[in-house]
Amino acid sequence: MSHHIVAADRLSFSYPDGTAALRSVSFCIHHGESVALIGANGAGKSTLLQQLNGCLTPSSGEVRIGDFPVTPRTLQEVRRTVGMVFQDPDDQLFMPTVFDDIAFGPLNRGVAPGDIEAQVAAALQAVGVGHLAGKPPYRLSCGEKKRVAIATVLAMDPAILVMDEPTAGLDPFSRREVIKLLKNFSHTRIITSHDLDMVAEVCDRVIVMHGGEIRADGTAEEIFADTELLAGCRLEPPFSMQACVVCGRRGVTAC
Amino acid sequence: MLDFRQLDQLAVRDTRIHRLDARAKVLVVLIFIVTVVSFGRYELSAMVPFFLFPVAVVVLADLPAGFVARKVALVIPFAAAIGIFNPLFDREIQLYLGPFAVSGGWLSCASIVLRATLTVTAAVILVAVTGFTAVCEALERLGMPHPLAVQLLFMHRYLFVLADAAARASRARELRACGTRGMGMGPFASMAGHLLLKSWERAERIHMAMLARGFQGTFHLQRGSGFGLPELSFLVSWTALFMILRFTNIPLSIGHAVTAFFNAGRLMP
Amino acid sequence: MHMADALVSPAVGGVMWAVSAGAVAYSSARLRKDTDERRVPLMGVMGAFLFAAQMINFSIPGTGSSGHLGGGLLLAILLGPHAALLAITGVLIVQALFFADGGLLALGCNIFNMGVIPAFLVYPLVYKKLAGQRPAGTRLSFAVIVSAVVTLQLGPFAVVLETLFSGLSALPFTTFLLLMQPVHLAIGLVEGVVTAAIVSFVYLARPELMHAGLQSALPVAYPLRNLVVGFLCAAILTGGVVSLVASNNPDGLEWAITRVAGTAELKAPDNRLHSWLAGLQETVSFLPDYAFKHPAVAEAQAPASRAAETAGTSLAGLVGVMITLLLLMLGGALLKRVRATA
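Reading the values: the criteria
Residues numbered from 1 in each chain as written. Chains lettered and ligands numbered in written order. Predicted model: local features only at pLDDT ≥ 70, side-chain atom pairs only at ≥ 80, totals over all residues. UniProt positions renumbered as here; feature names shortened; annotations may be inferred. Helix = DSSP H or I, 4+ residues; strand = E, 2+ residues; numbered from the N terminus. Rg over C-alpha atoms; globule rule 2.2 N^0.38 Å. Buried ≥ 20, exposed ≤ 12 C-beta atoms within 10 Å, placed from the backbone. Contact = placed C-beta atoms within 7 Å. Pairing = 2+ DSSP bridges. Expected span 1.5 Å × (residues − 1). Arc of directions from axis to C-beta. Core = buried A, V, L, I, M, F, W, Y, C linked by C-beta atoms within 7 Å.

Looking at an unreviewed UniProt entry, chain C carries the name Cobalamin (Vitamin B12) biosynthesis CbiM protein, with the source organism given as Trichlorobacter lovleyi. The UniProt entry for chain C carries this comment under Subcellular location (unreviewed entry): "Cell membrane".

Shown next as structure tokens:
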């Protein structure tokens, strides 16, 4: 059993209106890795993520999750293994209460009602929102919604966590909470983000995309040191690696 | 919209009424409404004792009386607007209040307003002590079709999201309207079209989220609670009271007794 | 166009509840067989959209007044009749519970007037016929506008009928009719134009929603059985109303007979029909001055509260005409359906 490898082999995808979103993308991510997908808007990051759990099917090429190629027949298995957290938590929290949302996945999997409570409690505990169990989603703050959304996916016990912009729109405190969470997970993590400082903290490996292609694939240090590459892809190094915003000197944290 | 959230917030309090199974509360309110509405068109005094139910629930469930009264007060002008035609067409004198002759039309108008007040109060109270989702689930267990229950829950869930989006779009337009009053049909159609498409796309994303968590067509809404003795006694006692109030006219009896007393007093030397 | 609890008698409310509940149950059963899972979030979100859109007012040119979107027809076009009915029902339930728009007894009437009529009557019989297989451009707009006008004539007419049969409002039938129908003609036009604009907008942006939206998952034509059920409901309604009215008839008839024949007794069997017809004619002739509670009839009955509850006999003729119209409409639709399948 190939230990939950996520692999893409010359994956290409075009939307029905003809836009080529992915051009011959290939990579291989191993169990336990923490990988960031970065790129400008429209580079194809979200499209690629949606290929990973079968929401979209490739026009050509293949995606493999562990032993399975992602095909309509293997969708159930794939979705058991790959847990996806969406960019907008409102899209993901559609049940009347937080408890119901977290229980949704396990109930669909056929977990007995008696065991549901325990699983939900564990997921709530993992993200630190135990006190929110009875609340309806519309009464949660942005940060709470993001954490609950993560809990809904964790409750399904996936091996691979895929997250689309986990820190977008969060205030600094909530952002810090989410970063702590992400660092503590032992799952394989695939994250897209514009928050490159978070990426620098959480991810060891970075894949840079531009125009539907992979431009670079290496360790975080290598990629963030290559300012030319980043500029060519409409990106910048993380703020913590740039010059001080006040006095302009590099490598200074306070002046 | 704020009322929505406030009502839902009231529903999570913990009193004996709140802890009752939702089905009992839904049933009692339904019986209440049917009973009130079954009164004849000129009935007034016999309906007044029915206020006992909302008042009792407000007290027992610790609801903010002012809030409930304000919600209900909004309804009265509408009921009056409907009933106001009656006095114009029904002029036959039904009774005399001292020197005043009251026509049937005024009686039925007042009856309409009273009816409306009672039924709306009951509905508001129901949601305040039960919560919207619990009411839906209770209705489903009482026989409402499953697709409709799911529809109500989803709609309720996304109501706030979409209402906010609509409010933002509306406000944005207003800020660029430079004082012209009202939105024309053209801008409205365009705005509604945008809202519709965004909503449709959101629905598609929700669908993907559901699929990603293994959705295969059926919803599992699990709620514990059982229908036990407290619920049964709640249901039976209120129904009995409603039946008694429906078929007797206590205010009238009191009125008769009091006037008879005074008459008797006058007769005495 | 919401009916209020205050105007609905338990009998009428009960019947309309039964009819609407039946329609909703039928739609639910049909939707359960639908394998398109997009339906669940789509219906919910569209219901929420309708609710939100109804909160925005727009001003109508020429008049000083403002209006808002009804939306029943719009939903029927985009979601198909069954999903649309459930979505509209959801909105109405929430409005009744939270916003006291209407009332819980009148809910059955409202679901019928604003849900069943656009989704089950106007959408298949008017819109689909006018718009054809692949609606586009002016033909689409025309179909939408006509359908909206028809919806907003049938709906208010149903309101008038429901109020009439309930007997709780002293507003005379003809006055009410003259109040409702012309006003709703204008409202229907506005609704039609706005709906057509929205539909065109959607069509330009995402044409696949128009043609391959939810509706293609379910066939639009509804079976004969549905019409028969509708017929039965109308029959029940008729029976209920007639019996309500008939309970007065002996008194009113007697009164009429007394007036005509000079005696309360009927002389001979062959005179009975004549007297009855004469009596009927007498009552019908009171039509112009008609009010729900005819003072003369009320006198003949005692006590005043009983007279107030039941409709005057002069109602009978009018009621008969209205019911005949309703039955004719349904009969026509039935016939059309039979011929279509033949």
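A. Just the overall build of chain B, in detail. Scanning chain B for helices and strands turns up 13 helices and two strands. Over its C-alpha atoms chain B spans a radius of gyration of 25 Å, topping by over 25% the 18 Å that the globule rule assigns to 269 residues. Out of the 269 residues in chain B, the part that is buried amounts to 42%. If you take every contact in chain B between residues at least 6 apart in sequence, the share linking residues at least 24 apart comes to 75%.

B. Spatial organisation of the UniProt feature "transmembrane region" (unreviewed entry) in chain C. Residues and elements named next belong to chain C. Annotation from UniProt places "transmembrane region" (unreviewed entry) at residues 41–60, 72–98, 104–127, 139–165, 185–205, 226–246 and 315–335. Helix makes up 70% of residues 41–60 and strand 10%, with an end-to-end C-alpha separation of 33 Å. As annotated, residues 185–205 comprises 100% helix and 0% strand, and the C-alpha atoms at either end are separated by 30 Å.

C. Representation of the pairing of strand β9 (residues 205–210) of chain A in the model. Residues and elements named next belong to chain A. Note: strand β3 (residues 34–39) against β9, five bridges, orientation parallel. Within β9, the residue paired with alanine 36 across the bridge is valine 206. Direction of pairing for β9 relative to strand β10 (residues 213–219): antiparallel, over a ladder of six bridges. From the neighbouring strand, valine 206 faces β10, where its bridge partner is glycine 218. Hairpin geometry of β9 and β10 is characterised by an intervening segment of two residues between the two adjacent antiparallel strands and by a positive phi of about 60° at glycine 211.

D. Up close: the sheet that holds strand β5 (residues 68–69) of chain A. All names here are of chain A. With respect to topology, four strands assemble into an open sheet ordered β2-β1-β4-β5, the strand pairing being antiparallel. Looking along the sheet, the strands with just one partner apiece sit at the ends: β2 (20–29) and β5. In this sheet, β2 lies alongside strand β1 (residues 6–14) in antiparallel orientation, the contact comprising six bridges. Paired with alanine 7 across the strands is cysteine 28, a residue of β2.

E. How the structure looks around the interface of chain C and chain B. Each partner contributes residues to the interface: chain C has 68 residues there, and chain B has 70 residues. Secondary-structure elements contributing two or more residues to the side of chain C that touches chain B are α1 (10–32), α2 (39–54), β1 (58–59), α4 (81–98), α7 (173–205) and α13 (304–309) of chain C. Looking at the side of chain C that touches chain B, the element that brings in the most residues is α2(C), giving 13 residues.

F. How the structure looks around α1(C). Between the first and last C-alpha of α1(C) there are 32 Å, a value that for 23 residues agrees with the 33 Å anticipated at 1.5 Å per step. Here α1(C) has its buried residues at C:Val12, C:Gly13, C:Val15, C:Met16, C:Trp17, C:Val19, C:Ser20, C:Ala23, C:Val24, C:Ser27, C:Ser28 and C:Leu31.

G. Structural context of helix α4 (residues 52–60) of chain B. All names here are of chain B. For α4, the full list of buried residues reads Phe53, Pro54, Val57 and Val58. The arc enclosing the buried residues of α4, seen along the axis, measures out at 130°, which places them on a common side. Those residues of α4 hidden inside the fold are in contact with α2 (16–19), α3 (22–37), α5 (65–73), α8 (104–130) and α12 (229–247). Just downstream of α4 lies aspartate 62, where phi reads positive at about 60°.

H. A look at the nonpolar core. Core analysis: the biggest nonpolar cluster contains 231 residues, and A:Ala151, B:Ala128, C:Phe49, C:Leu75, C:Leu79 and C:Ala87 have the highest contact counts within it. Considering every element that reaches this core, the biggest residue donor is α8(B), with 17 residues. With residues near it in sequence (within four places) discarded, B:Ala128 still touches B:Leu7, B:Leu10, B:Ala11, B:Leu63 and B:Val68.

I. Region of the structure containing unusual backbone geometry. Residue and element names in this part refer to chain A. Residues other than glycine seldom take positive phi values, yet serine 24 does so here, at roughly 50°. Counting through the fold element by element, serine 24 comes out in strand β2. By C-beta crowding, serine 24 is classed as partly exposed, having 14 other C-beta atoms within 10 Å. Phi is positive for glutamate 165, which is not a glycine, with a value near 55°.

J. Region of the structure containing the pairing of β1(A). All names here are of chain A. Linking β1 back to β2 in an antiparallel pair, the connection comprises five residues, with glycine 18 at a positive phi of about 105°. Note that β1 and strand β4 (residues 60–65) share five bridges and pair antiparallel. The residue bridging alanine 8 from the neighbouring strand is valine 63, located in β4.

K. The arrangement of the environment of C:Val194 in detail. Among the secondary structure elements, C:Val194 is positioned in helix α7. Considered as a pair, C:Val194 and C:Leu74 are 120 residues apart in the sequence and their alpha carbons are 9.8 Å apart. If sequence neighbours within four positions are ignored, C:Val194 has contacts with B:Met185, B:Phe188, B:Ala189 and C:Leu69.

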